[in-house]
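# Topology and contacts: notes
This is what each chain is made of:
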Amino acid sequence: MRPPTVRLAAALVLGAFALLAGCGGQGGLKSDGPAETAVGPVRLWPELPPASDPPADYGETDTERVPGITVRGADVRTVDPVAVVRAEVAGGDGMDERTARAVLACDTAPSRCPVLSPYYRDLTGNGRDELIVGIRLPEQQVAVRVYLAERGGLTRVMSTVDQVISVELAGRDLIVRAASAGIPGYEYRTAWSWDRLQHSMLPARDEIVPVRPPSDAPRTTPPPTGGPATESSRAPSPRAEPAP
């Protein structure tokens, strides 16, 4: 009679063979064929010298101190966004004359005030909210600006103007969707993110994405043809059920 340890070892060996045999049976692992060879990046025209200076400055990193604005307790909610834009207009921020006049008249003509309702979000990661302001401009354009409270005042850390479709907040990113005039059926989508080294919001990700054509929209069932529906032929309206 074999010792118990020998019987246990034999059982483990037989179990291992059974598992190996099962892998090749139905429901086991199967090969997907040979893997494709990975192709690394190839540098084109390596003899070209590196660029020394950019051809133009688009002002992505420009930051400006808003003159005459005091922020109590580094809380941007204590300031009036119209007063902030008005202070920038008085400081000569390059806004067109018609919009500048409308901003200065926001108190007397609020219905025509181009300053949109403000939003607040911590975009810099400093634990405090920043002020996000939108300004309607001529030709269906919108200016989007972000202000940071620091040193008892406000610093404008982002400013962009475009034919805006929508503005969205995703985490600490400010995503601006804008219309594309040169590529029909597409739109520009730019994600602005805080850059600690530049101390400003930068367009960290810029994409040209297709817009879903109207043919992809869900179709609705057309009403039945014939004469006008009567009360008896209409489907009964569902009865509201009480909440559980």
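Heads up: these notes are all about the structure in this document. All values derive from a computational prediction rather than experimental measurement.

Attention shifts here to the state of the cysteines. Under the defined criterion, the tally for this structure stands at one disulfide. Through a disulfide, C106 is tied to C113; the S-S separation comes to 2.0 Å. In this structure the cystine formed by C106 and C113 twists about its S-S bond by roughly 80°; its chirality is therefore right-handed. Taken as a pair, C106 and C113 share a single burial class, namely buried.

A separate point is the nonpolar core. Grouped together as the largest cluster of nonpolar side chains are 24 residues, with contacts concentrated most on I69, V84, V85, Y147 and L154. Mapped onto this core, the elements with two or more residues apiece are α2 (81-90), α3 (97-104), β3 (130-137) and β4 (141-150). Sorting elements by how many residues they give to this core places α2 first, with five residues. Those residues in contact with V84, other than ones at most four positions away along the chain, are V66, I69, V79, L131, Y147 and L154. Formed by 13 residues, the second largest nonpolar core is a distinct cluster that contains V146, L148, L174 and W192.

Here we take up the sheet that holds strand β8 (residues 186-195). Spatially, the four strands line up as an open sheet ordered β6-β7-β8-β9, and their pairing is antiparallel. What marks the edges here is a single partner per strand, and that holds for β6 (164-170) and β9 (200-210). Within the sheet, the average angular offset between the axes of one strand and its neighbour, ignoring direction, is 20°. Across 10 bridges, β8 lies against β9 in antiparallel orientation. Looking across to β9, one finds that R189 is bridged to E207.

Applying the stated criterion across every chain yields a total of 10 salt bridges. When the shortest N-O distance is used, the salt bridge between R151 and E150 registers 3.7 Å. The salt bridge involving E187 is made with R189; its shortest N-O contact spans 3.1 Å. Residue classification places E187 among the buried positions, given a relative accessible area of 3%. A single network of salt bridges, built from pairs that share partners, joins E64, E88, D93, R145 and R156.

Reading the values: rules and limits
- Residues numbered from 1 in each chain as written.
- Predicted model: local features only at pLDDT ≥ 70, side-chain atom pairs only at ≥ 80, totals over all residues.
- Heavy atoms only, no water.
- Disulfide = S-S within 2.5 Å.
- Buried < 20%, exposed > 50% of the residue type's maximum accessible area, 1.4 Å probe, protein only.
- Core = buried A, V, L, I, M, F, W, Y, C linked by side-chain atoms within 4.5 Å.
- Helix = DSSP H or I, 4+ residues; strand = E, 2+ residues; numbered from the N terminus.
- Contact = heavy atoms within 4.5 Å.
- Pairing = 2+ DSSP bridges.
- Axes fitted to C-alpha atoms, helices over the stretch in contact; angles between N-to-C directions.
- Salt bridge = Lys/Arg side-chain N within 4 Å of Asp/Glu carboxyl O.

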